[in-house]
Amino acid sequence: MLTLASKLKRDDGLKGSRTSATASDSTRRVSVRDKLLVKEVAELEANLPCTCKVHFPDPNKLHCFQLTVTPDEGYYQGGKFQFETEVPDAYNMVPPKVKCLTRIWHPNITETGEICLSLLREHSIDGTGWAPTRTLKDVVWGLNSLFTEDFRSKVDDYIKRYAR
C-alpha cells in the first residue's frame, strides 16, 4: 500500500551510488514530512482502533487521507463519521489539519466541521496541545475518543458540575 516507501528506498539506494549529476537531477528530493509519514502511516495501520478505517485517495500522497470512525458504543453508536486530514509541510512542528465532513451535532465539532481537540492545537492553554513527539496515531485515537462512552460520561460530569 505504501508506494512512497518504495520511492524512499530507491532514493536511499541512489545516495550511495551517485556518480553523475544526471542521477541526482533525475530524482526528486523527498521531504522530511514524507519520510516521517512513511513510518507513521505504517505504525498507524498496525495500531488502528477497530472502529476506524483510513483511506488514501492517492497512495503517493500520504499527507492527504480520509478517516472513517464508526462508533460501536455510546450515543453515536451506529453512526459513520468522515474526517479529512491534511498534513502540512511543516509537520511535525505543527499539527495536521483535520475537518469533519459529516454533518453532526457534537460539542467538539462545529457546523462547518472544525474539530475542537487540544492535541490538534498548535498552542494549548492546558499544555496538552500539539508537540513534535505526537504522531498521526495520536490524532486518530483522539478523534476516535470523541465518540466513546468515556467521552460521553466526561461531558455529563461537566454538565452536572457547571450547568447549575
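Keep in mind it's a predicted model, so treat the numbers as computed, not measured.

Draft legend 1. Summary view of the nonpolar core. Core analysis: the biggest nonpolar cluster contains 31 residues, and Leu 67, Phe 83, Ile 115, Leu 136, Leu 143 and Phe 147 have the highest contact counts within it. When contributions to this core are tallied by element, the ones reaching two or more residues are α3 (32-46), β1 (52-55), β2 (64-69), β3 (81-86), β4 (97-100) and α4 (136-145). Ignoring sequence-local partners within four residues, the contact set of Phe 83 consists of Phe 65, Gln 66, Leu 67, Val 69, Val 98, Lys 99, Cys 100, Leu 101, Ile 109, Ile 115, Leu 143 and Phe 147.

Draft legend 2. Inspection of the packing of aromatic side chains at higher detail. A full pass over the atoms with the stated rule returns seven aromatic pairs. Consider the rings of Tyr 76 and Phe 81, whose centres lie 5.9 Å apart with planes at 85 degrees: the pair is edge-to-face. Each member of the pair, Tyr 76 as well as Phe 81, carries the same accessibility label: buried. Judged by centre distance (5.3 Å) and plane angle (90 degrees), the rings of Tyr 76 and Phe 147 are edge-to-face. Of the two residues, Tyr 76 sits in the loop between β2 and β3 while Phe 147 sits in the loop between α4 and α5 (149-162), which places them 71 residues apart along the sequence. Assigned by exposure class, Tyr 76 and Phe 147 land together as buried. Members of the aromatic cluster, connected to one another through ring pairs, are Tyr 75, Tyr 76, Phe 81, Phe 83 and Phe 147.

Draft legend 3. Molecular detail of the environment of Ala 131. Residue position: Ala 131 is located in the loop between β4 and α4. In this structure, the C-alpha to C-alpha distance between Ala 131 and Arg 121, residues ten residues apart in sequence, is 9.3 Å.

Cut-offs and rules
Residues numbered from 1 in each chain as written. Predicted model: local features only at pLDDT ≥ 70, side-chain atom pairs only at ≥ 80, totals over all residues. Heavy atoms only, no water. Core = buried A, V, L, I, M, F, W, Y, C linked by side-chain atoms within 4.5 Å. Buried < 20%, exposed > 50% of the residue type's maximum accessible area, 1.4 Å probe, protein only. Helix = DSSP H or I, 4+ residues; strand = E, 2+ residues; numbered from the N terminus. Contact = heavy atoms within 4.5 Å. Phe/Tyr/Trp six-rings, centres within 6.5 Å; stacked < 30°, edge-to-face > 60°.

Just distances and angles here, no functional claims.
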